[in-house]
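Fold and geometry: a report
Read off the chains here:
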Amino acid sequence: MSELIRPTFDVDLIDRYGGEGPRYTSYPTAVQFSERFGPESLLTAIDESNRLPIPADLSLYVHVPFCSSPCFYCGCNRVITRSETAGDEFLDTLAREIALIAPGFDSDRKVRQLHLGGGTPTFLSLEQLSRLMGMLRENFTFAADGELGLEVDPRTVDPAGIKYLYELGFNRISIGVQDLDPAVQTAVNRVQDTAMVSATIGAARAVGFESISVDLIYGLPLQTTAGFAQTVDTVISLKPDRLSLFNYAHLPHLFKGQTRIKTEQLPTPAVKLAIFRNTLNRLLEAGYEFIGMDHFALPGDSMVKARTNGTLVRNFQGYSTHGGLDLVSFGPSAISQIGDSFAQNQRKLPDWRIAIEHEGHPATCRGLTRTTDDRVRADIIERIMCTGQLIYADMERFFQLSFRSYFSDELQRLEALADDGLIEWCTGGFKVTAAGMMYLRAIAKIFDAYLMPHRQQQGRFSRIV
Amino acid sequence: MSDKATISEIGQSETSCEDCSLFNLCFAHDISADEREEINKILKRQQPVERSDHLFHGGQAAKTVSVVRSGSVKSYQLSHEGDEIVSGFYLPGEILGLDALSSEKHSGFAMALEDSRTCEIPFKDFVTMLQSSPKLNQVMLRLLSEEMAETRELLLVVGRLDARTRVALFLMSMSRRLARRNQDPDQFRLTMDRRDIANYLGLTIETVSRTLSALQREEVIEVRGKLVRVLDRPALEEMAMRVDETGRRQATG
């Protein structure tokens, strides 16, 4: 077991490497998806996936697209509603979607992971969540030791509800905290007091959830270094196993909800940097390990183990401990990854519903199938993002290529990053340095064939730091 | 030669068997220069066959004898119930269609497992040559004898051996045949579906995958997609060797 590198934060590098970059939850990124990839392509990909010598086990994702009130920072695909019938209607369509897709998978392919995201999964009542789990268990075979997780809005679930979720089989929970400062909470329209957050985490721990994760966001309106430091200290005292520190990307031209955030209330870039640096240092001091990008975890957590022994992967939910799974996703805008194919559902709830209910086929509207070049680059990017190093022979083992000649341009462009101390050359490859850990995306970007200088990508990706 | 055959992905299309990279493996290597000359005149080289397309169907009058030039092909029979029974896999340099020599009809089916190319000899010309060439006869006898031996081994495999031994034998057979083609014997692609492997070995698909997973856990092999890497060759050989020693005594698996 090797020690994890603790990142250092070199502000001087930020101008050069802190710019925009894809988050690489997939490669190629969703920007490359094409409308030529439709429902038939998804079904073909599923059929092909059964033919492999050892077909992949499954990871399921369900996108619950509802929220009862809008958080202004949110860039997720969701519908704001207080409708009493929305949940049941959604589940009716979901049942049909599952029936269209689940039978395509050979029955020996077990579900090793499940994640409910949104929107707000707990917009659904406990009875509705129970119905949802019943539908999934009826149509898929779940592994006994699967990782079953969901995102929880503490405003929607009380401690008795947390216990009920555990009894439904969930063993991982992710809690949206964002910021505990009441002024910030008001400015982003998400008011939840600290006692409520603390009670949710306490209940989850008491009933036996294996991993409790908390999301924080920096860069929100009215945030100050002192105020956010207070939030971080309180959160640390609650000891979540995992912690995500997201950078708020203010892109109101892409996300309409964000227009309600007052630009003049946003912290200056200097304040944002200070918040990030302070939080990073505070978390490391408190014993959290840096996983990569925006993820931290306590040493006992499975994510730290995965990071240490090189089994960490990246998928649409960010970092994940379980690689080699086919991702089967349900609900509007959800993205599946089956073998080398990506398939995204219709983004809008009505379009998703029409495809499934009226046209009777999966709601896939765009996607792509990776080429061999895509696969090599995806592998390289994943290794950089997840293990912080790249050994060329590992690539040559699985792909018939000579790394140094195939990637001679990329290796040349890496020289500048090596000069700036982001990476260091080692025998047969390179390693990300402590300073480079903050700029994993900038390093990975070198291998992105779709990010040629002439392409117009500005404003489509969030800033790296 | 057809126009299509010249659109070769492998590089320049050869114009005679001697130029072919598979020459040493092909039956054409073992016949006389004159006979080869003859075959060169009637042979259609590198005919493309798309994945899932058939080279021939069972019961069909034989039109050609085919040698796999690139890609891979599976052969199968249909049971009385109409179920497919996979009888073999053919790799570059291997010959298909000899089953029609006695009745001039194919007894089974042959289907490309991936986009492949074959060299085709018109069946009638081939039979005529057989009648006049002792050398070609000799070569064909050897090939048929080899195929018979393999069929017998398959009967043994399906009838008596446990799943591990069956899978190990299958992997060793693929590895050996690829090594003969100057390809890395420790790294190869399984182009057939797991259903085909299961069918061929008389196992369920679950058992095939479970066995491969177990071998992977034991670090005997590594499987990624269709690619198999042999990590511990002696261990795999030993598993396959049990055929001769304890295999016959083992209960059916």
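Predicted model only: the values in this text are computed from it and were never measured.

**Digging into the overall build of chain A**
A count of helices and strands for chain A gives 16 helices and 19 strands. Taking the principal axes of its C-alpha atoms as reference, chain A extends roughly 60 × 55 × 45 Å. Residues counted as buried form 45% of the 465 residues belonging to chain A. When contacts within chain A are restricted to residue pairs at least 6 apart in sequence, those whose partners lie at least 24 apart make up 75%.

**Focus: the interface of chain A and chain B**
Where interface size is quoted, it is often the accessible area lost as the parts come together. Opposite the 8 residues of chain A that make contact, chain B presents 16 residues. Classifying every residue of the side of chain A that touches chain B by side-chain character gives 5 nonpolar, no polar and 3 charged.

**Re the sheet that holds strand S2 (residues 54–56) of chain B**
Within a sheet, neighbouring strands are paired by backbone hydrogen bonds and run either parallel or antiparallel to one another. All names here are of chain B. Spatially, the 4 strands line up as an open sheet ordered S2-S7-S4-S5, and their pairing is antiparallel. The sheet is open, and its two borders are formed by S2 and strand S5 (84–90), each paired with just one other strand. Averaged over all pairs of adjacent strands, the angle between strand axes in this sheet comes to 30°, irrespective of strand direction. Of the strands in this sheet, strand S4 (73–78) and S5 are in contact with helix H5 (residues 194–201), which crosses S5 at around 100°.

**With respect to the sheet that holds strand S11 (residues 227–230) of chain B**
Residues and elements named next belong to chain B. What the 3 strands build is an open sheet, ordered S9-S11-S10; its pairing is antiparallel. Unpaired on one side and paired on the other, strand S9 (187–189) and strand S10 (221–224) mark the two borders of the sheet. Taken pair by pair, the neighbouring strands of this sheet meet at an average axis angle of 20°, ignoring direction. Pairing of S9 with S11, which is carried by 3 bridges, proceeds in the antiparallel orientation. Looking at the pairing, arginine 189 lines up with leucine 227 of S11.

**A word on the domain arrangement of chain A**
All names here are of chain A. Annotation of chain A at the domain level lists domain 1 (1–28 + 371–465) and domain 2 (32–328). Inter-centroid distance (C-alpha atoms) of domain 1 to domain 2 is 26 Å. Across the contact, 22 residues belong to domain 1 and 22 residues belong to domain 2. Broken down by element, the side of domain 1 that touches domain 2 gets its largest block of residues, 4 residues, from helix H12 (residues 372–387). Looking at the side of domain 1 that touches domain 2, its residues break down into 14 nonpolar, 5 polar and 3 charged.

**Observations concerning the pairing of strand S15 (residues 341–345) of chain A**
Residues and elements named next belong to chain A. Burial within S15 is extensive, with 5 of its 5 residues counted as buried. Side chains Ser341, Ala343 and Asn345 project from S15 onto one buried face, and the interleaved Phe342 and Gln344 project onto a second face that is buried too. As paired strands, strand S14 (residues 335–338) and S15 are joined by 4 bridges and run antiparallel to one another. When the bridges of S15 are listed, glutamine 337 appears paired with phenylalanine 342. Linking S14 back to S15 in an antiparallel pair, the connection comprises 2 residues, with glycine 339 at a positive phi of about 55°. Relative to strand S16 (residues 364–369), S15 runs antiparallel, the two sharing 5 bridges. In the strand pairing of S16, phenylalanine 342 is matched with leucine 368.

**Let's talk about unusual backbone geometry**
Each neighbour pair has its own omega, and for tyrosine 27 of chain A with proline 28 of chain A the value is -5°, a cis peptide bond. Tracing the chain through its elements places proline 28 of chain A in the loop between helix H1 (14–17) and helix H2 (39–50). Between glycine 118 of chain A and the following residue, glycine 119 of chain A, the backbone shows a cis peptide bond with an omega angle of 20°. Phi at glutamine 46 of chain B is positive, roughly 50°, even though this residue is not glycine. Topologically, glutamine 46 of chain B is positioned in strand S1 (residues 44–49). The residue glutamate 219 of chain B is not glycine, and still its phi comes out positive at about 60°. Following the sequence through the fold, glutamate 219 of chain B ends up in the loop between helix H6 (205–217) and S10. Note on glutamate 219 of chain B: 10 C-beta atoms within 10 Å, which makes it exposed.

Calculation notes
- Residues numbered from 1 in each chain as written.
- Chains lettered and ligands numbered in written order.
- Predicted model: local features only at pLDDT ≥ 70, side-chain atom pairs only at ≥ 80, totals over all residues.
- Helix = DSSP H or I, 4+ residues; strand = E, 2+ residues; numbered from the N terminus.
- Buried ≥ 20, exposed ≤ 12 C-beta atoms within 10 Å, placed from the backbone.
- Contact = placed C-beta atoms within 7 Å.
- Nonpolar A, V, L, I, M, F, W, Y, C, P; charged D, E, K, R; others polar.
- Pairing = 2+ DSSP bridges.
- Axes fitted to C-alpha atoms, helices over the stretch in contact; angles between N-to-C directions.
- Domains from an automatic or database assignment.

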